[in-house]
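Chain by chain, the residues run as shown.
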Amino acid sequence: MALSAYIGCLALLFVIVEGESFSNKTDADPYQRGTKALSVFNVVTFPNVACGASTGYNGTCFTASECTSKGGTASGTCASSFGVCCVFNLACGESTTQNNTYAIISSYSTSSDKDPCSYTICKQNADICKLRIDFDTMVLAGPFTNHILASEGPKLGDCFYDTLTVSNPGGSSPPILCGYNTGQHIFVPASDSCNTINIDIDTGTTTTTRKWQLKVTQYECTNQMAPEQDCLQYFTAQTGTIATFNWDTTATTVADSQVHLSNQYYDICFRRVRSQCSICFSHK
């Protein structure tokens, strides 16, 4: 340890002396005139990995100039302060290839916001196999529940007013969603033709305050946090809560108007925890 410190001091002294010799040379001193300056360049590189932004969102670590050129917003630092945590937020109608991208509308306006509101997600690179869409917040108008008339019975549970759909070019698309889905997530295959998240609002219905915050994460094919099978939902924790879509997991009572959404045919998968050989389910 002492030897390393001693060598470091010598190196630092050498740089300082050389710098002073160069800056103080004059024509009257031929020895200084012959001294060459020592140029020192430190090139810092770092991987563009996920980072935690100061705003609480997830971002990607880039240089400040890269973040600006890619259309992101710097929020905090990363890579020992050599980089910035760059957060990407899509507006309706926009597209992106960036990982950890958000789409946020805190209160949808039927008079000023686009309808439908669509977001296009394209693969960041050829190694991306899955997209995970987290509904950090997702509140839309609920499904059709008025089943007083017998003729309206077949409509029960249909997303009659608002709809959320996700495209899967070349494969089967996830079921249509509506209502309350805060805290839910879905996985879809990442398409070479890009995937589109489309939110269609019934602007004639204003009793619901629509709002959403979507986060899209891109997973490489070898990432074990993404399912290998065609699972719409994938749980990796040892314990947790699962629920059907349009179900508020924080509610303590069930409203009489609560219904299942129509045509919900999909798979929920669970990653086996090491050393565990069974799984137990209990109702809440």
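Quick note: structure is the one above.
A brief structural summary. (Residues numbered from 1 in each chain as written. Predicted model: local features only at pLDDT ≥ 70, side-chain atom pairs only at ≥ 80, totals over all residues. Heavy atoms only, no water.)

Here we come to the overall build of the protein chain. A tally of helices and strands in the protein chain yields three helices and 14 strands. When burial is assessed residue by residue, the protein chain has 35% of its 284 residues classed as buried. Taking all contacts inside the protein chain whose residues are at least 6 apart in sequence as the whole, residues at least 24 apart take part in 66%. About 17,500 Å² of surface is accessible on the protein chain, with carbon and sulfur atoms providing 53% of the total. (Helix = DSSP H or I, 4+ residues; strand = E, 2+ residues; numbered from the N terminus. Buried < 20%, exposed > 50% of the residue type's maximum accessible area, 1.4 Å probe, protein only. Contact = heavy atoms within 4.5 Å. Areas by Shrake-Rupley, 256 points an atom, 1.4 Å probe, with all protein chains shown as cover.)

This part is about the nonpolar core. With 31 residues, the main nonpolar core has Tyr 119, Ile 199, Trp 212 and Leu 214 as its most contacted residues. Of all the secondary structure elements, the ones that give two or more residues to this core are β6 (101-105), β7 (117-121), β8 (128-139), β9 (163-166), β10 (185-189), β11 (195-200) and β12 (211-220). Ranked by residue count, the leading element in this core is β8, at five residues. For Trp 212, the residues in contact, after removing those within four places along its chain, are Ala 103, Ile 104, Ile 105, Tyr 108, Cys 117, Tyr 119, Thr 137, Met 138, Leu 140, Ile 199 and Ile 201. With eight residues, the next largest nonpolar core counts Phe 46, Cys 51, Val 87 and Tyr 102 among its residues. (Core = buried A, V, L, I, M, F, W, Y, C linked by side-chain atoms within 4.5 Å.)

A separate point is the sheet that holds β7. The four strands are arranged β5-β7-β11-β9 in an open sheet whose pairing can be described as mixed. Looking at which strands have only one partner, the edges of the open sheet turn out to be β5 (95-96) and β9. Pairing of β5 with β7, which is carried by two bridges, proceeds in the parallel orientation. Counterpart to Thr 96 in the pairing with β7 is Ile 121. (Pairing = 2+ DSSP bridges.)

The next thing to look at is the environment of Leu 90. Within the secondary structure, Leu 90 sits in strand β4 (residues 83-90). C-alpha separation for the pair Leu 90 and Tyr 102, spaced twelve residues apart in sequence, amounts to 6.1 Å. Setting aside its immediate chain neighbours within four residues, Leu 90 contacts Ser 95, Thr 96, Thr 101, Tyr 102, Ala 103, Ile 104, Tyr 119, Thr 120 and Ile 121.

Attention now goes to the layout of surface pockets. Volume-wise, the largest pocket comes out at about 850 Å³. As for the largest pocket, its lining consists of 29 residues, and the residues nearest its centre are Gly 240, Ile 242, Phe 270, Cys 280 and Phe 281. For the lining of the largest pocket, the class distribution of residues is 13 nonpolar, twelve polar and four charged. (1 Å grid on protein atoms, 1.4 Å probe; cavity = no way out; pocket = protein on both sides within 12 Å on 5 of 7 lines; lining within 4 Å. Points joined across faces, edges and corners; volume = space filled by probe spheres on them. Nonpolar A, V, L, I, M, F, W, Y, C, P; charged D, E, K, R; others polar.)

A complete count under the given rule lists four salt bridges for this structure. Measuring nitrogen to oxygen at the nearest pair gives 2.8 Å for the salt bridge that ties Asp 192 to Lys 123. Of this pair, Asp 192 sits in the loop between β10 and β11 while Lys 123 sits in the loop between β7 and β8, and the two are 69 residues apart along the sequence. With its nearest N and O atoms 2.6 Å apart, the salt bridge here joins Asp 162 to Arg 210. Taken as a pair, Asp 162 in the loop between β8 and β9 and Arg 210 in the loop between β11 and β12 lie far apart in primary sequence, 48 residues in all. Here the two residues Asp 162 and Arg 210 agree in accessibility, since each one is buried. (Salt bridge = Lys/Arg side-chain N within 4 Å of Asp/Glu carboxyl O.)

With that out of the way, let us pick up empty space enclosed by the protein. Evaluated as defined, the whole model comprises one cavity of 30 Å³ or more. Each pocket or cavity is described by its volume, and for the largest cavity that value is around 30 Å³. Looking at the largest cavity, the residues that line it are Leu 90, Thr 101, Tyr 102, Ala 103, Tyr 119, Ile 121, Ile 197, Leu 214 and Val 216. Listing elements by their share of the lining of the largest cavity, those giving two or more residues are β6, β7 and β12. Top contributing element to the lining of the largest cavity by residue count: β6, with three residues. In terms of residue class, the lining of the largest cavity is made up of eight nonpolar, one polar and no charged.

Once that is clear, we can look at the side chain of Arg 210. Residue class for Arg 210 comes out buried when judged on its relative accessible area of 2%. At a separation of 2.6 Å, a polar atom in the side chain of Arg 210 contacts the side chain of Asp 162. Apart from residues lying up to four places away in sequence, Arg 210 is in contact with Ser 106, Ser 107, Tyr 108, Thr 110, Val 139, Leu 140, Ala 141, Asp 162, Ile 201, Asp 202 and Thr 205. (Polar contact = N/O pair within 3.5 Å; in protein donor to acceptor, adjacent residues only side chain to side chain.)

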